[in-house]
Amino acid sequence: LADLRRKASIPSLLTASKLATALRWSLNELRGGLAVGPGNLKVTGITGSGEMWAEVTPSANREISLAILGEPLETIEIGTNDIPGYRQGDFAAGPRMLAGNLDNLIGAECIVHTKDGRRLLTYLMRGSKRGLYTLRSHLATVPDLVDVAIDWAAPVKIVFRSPQQ
């Protein structure tokens, strides 16, 4: 960083990308430009009965911000085919919520970071005391983690599917 501040060296794109990721900045922000928002998804259709869908009319056209509730998304890649409902290469994403605001996530599938550093894709359940939670696995054979203190949780709001392989 000192070399970069003195402009003694020009970082490679890989180095700049790693630095931006560590700082949770965009490459544009890192080089001193304006912050670019997280982007939007344009809604192009709506489902009807059954599995049919139709294009939305231009007047009904809308976009969904990829920043949910004004927060950037926590995004993880699914690295295995062992989690029911997911396949390897899918991405799960949701807005990070701090520990004091998790009661409304009870029963929700969440990306979780515990106070002791564990990271899980799990279901958030009530613990035996206020501020503690039970983490329920997707897999029936894996026992619940009981009375876990949580640093933050991100309810899964968006799943990007990998192409069929």
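Structural data are supplied above this passage.
Moving on, we come to the packing of aromatic side chains. Summed over the entire model, instances satisfying the criterion amount to zero aromatic pairs. Directly above the ring of tryptophan 152 sits arginine 96, whose terminal nitrogen or CZ lies 4.1 Å from the centroid.

This brings us to the sheet that holds strand 5 (residues 73-77). Pairing in this open sheet of three strands is antiparallel, and the strands run 5-6-12 from one edge to the other. What marks the edges here is a single partner per strand, and that holds for strand 5 and strand 12 (158-160). Averaged over all neighbouring strand pairs, the angle between strand axes comes to 20°, with direction disregarded. Pairing of strand 5 with strand 6 (residues 91-95) involves five bridges; the strand directions are antiparallel. Bridged to glutamate 77 within strand 6 is phenylalanine 91.

A separate point is the pairing of strand 11 (residues 145-155). Taken together, the two bridges between strand 7 (residues 97-98) and strand 11 define a ladder with antiparallel strand orientation. Across the sheet, the residue bridging to leucine 98 is tryptophan 152, located in strand 11. Two elements, strand 8 (residues 109-114) and strand 11, share five bridges in a ladder whose sense is antiparallel. Bridge pairing links histidine 113 to tryptophan 152 in strand 11. As paired strands, strand 10 (residues 132-136) and strand 11 are joined by three bridges and run antiparallel to one another. Bridging across to strand 11, tyrosine 133 finds its partner in valine 148.

Our focus in this paragraph is the pattern of salt bridges. For the structure shown, the criterion picks out seven salt bridges. The salt bridge partner of arginine 87 is aspartate 90, with a shortest N-O separation of 4.0 Å. When its relative accessible area of 25% is taken as the criterion, arginine 87 is described as partly exposed. A salt bridge links aspartate 103 to arginine 130; the nearest nitrogen and oxygen atoms lie 3.9 Å apart. You can see aspartate 103 sitting in the loop between strand 7 and strand 8 and its partner arginine 130 sitting in the loop between strand 9 (119-126) and strand 10, a full 27 residues away along the chain.

A separate point is unusual backbone geometry. The backbone of aspartate 147 shows a phi angle near 55°, a positive value even though the residue is not glycine. Relative to the assigned elements, aspartate 147 resides in strand 11.

The biggest cluster of nonpolar side chains holds eleven residues, and these are Met97, Leu102, Leu105, Cys110, Val112, Leu124, Tyr133, Leu135, Val148, Ile150 and Ala153. Sorting the residues of this core by element identifies strand 8, strand 10 and strand 11 as the ones contributing at least two each. In terms of residues, this core owes the most to one element, strand 11, which gives three residues. Residue contacts for leucine 102: discarding those within four places in its chain leaves Met97, Leu124, Tyr133, Ile150 and Ala153. By size, the runner-up hydrophobic cluster in this structure holds nine residues, among which are Ile78, Ile83, Leu121 and Val156.

Before going further, it helps to examine the pairing of strand 9. Remember that side chains alternate between the two faces of the sheet whenever the strand is regular. Across five bridges, strand 8 lies against strand 9 in antiparallel orientation. Counted as the bridge partner of histidine 113 is arginine 119 from strand 9. As judged from the four bridges shared by strand 9 and strand 10, these two strands associate in the antiparallel manner. Paired with methionine 125 across the two strands is threonine 134, which belongs to strand 10. Here strand 9 folds back onto strand 10 in antiparallel fashion, the turn holding five residues, of which glycine 131 has a positive phi close to 90°.

The rules behind these values
- Residue positions within a chain follow its written sequence, with the count starting from 1.
- Thresholds applied to this predicted model are a pLDDT of at least 70 for local features of residues and 80 or more for the giving and counting of side-chain atom pairs; totals over whole chains, interfaces and linings are not thresholded and use all residues.
- Hydrogens and waters are ignored; side-chain quantities use all the structure's heavy atoms.
- Aromatic rings from Phe, Tyr and Trp, with only the six-membered ring used for Trp, were paired whenever their centres fell within 6.5 Å, and each pair was classed as stacked if the ring planes differed by under 30 degrees, edge-to-face if by over 60, and tilted otherwise.
- Only when the NZ of Lys or the CZ of Arg is both within 6 Å of the ring centre and within 35 degrees of the ring normal is a charge said to sit over the ring.
- One bridge is not enough; two strands pair if DSSP finds at least two bridges between them.
- In this description a helix means any DSSP run of H or I spanning at least four residues, a strand means any run of E spanning at least two, and both kinds are numbered starting from the N terminus.
- Angular values range over 0 to 180 degrees, each being the angle between N-to-C directions of two axes fitted as lines to C-alpha atoms, with helices fitted over their stretch in contact.
- Salt bridges are defined as contacts in which a side-chain nitrogen from Lys or Arg sits within 4 Å of a carboxyl oxygen from Asp or Glu.
- Residue exposure (1.4 Å probe, protein chains only): buried if accessible area is under 20% of the type maximum, exposed if over 50%, otherwise partly exposed.
- Grouping buried Ala, Val, Leu, Ile, Met, Phe, Trp, Tyr and Cys residues that are joined through side-chain atoms within 4.5 Å yields what is termed a nonpolar core.
- What makes two residues a contact is simply this: any of their non-hydrogen atoms within 4.5 Å.

None of the figures reported here should be taken as evidence of function without further support.
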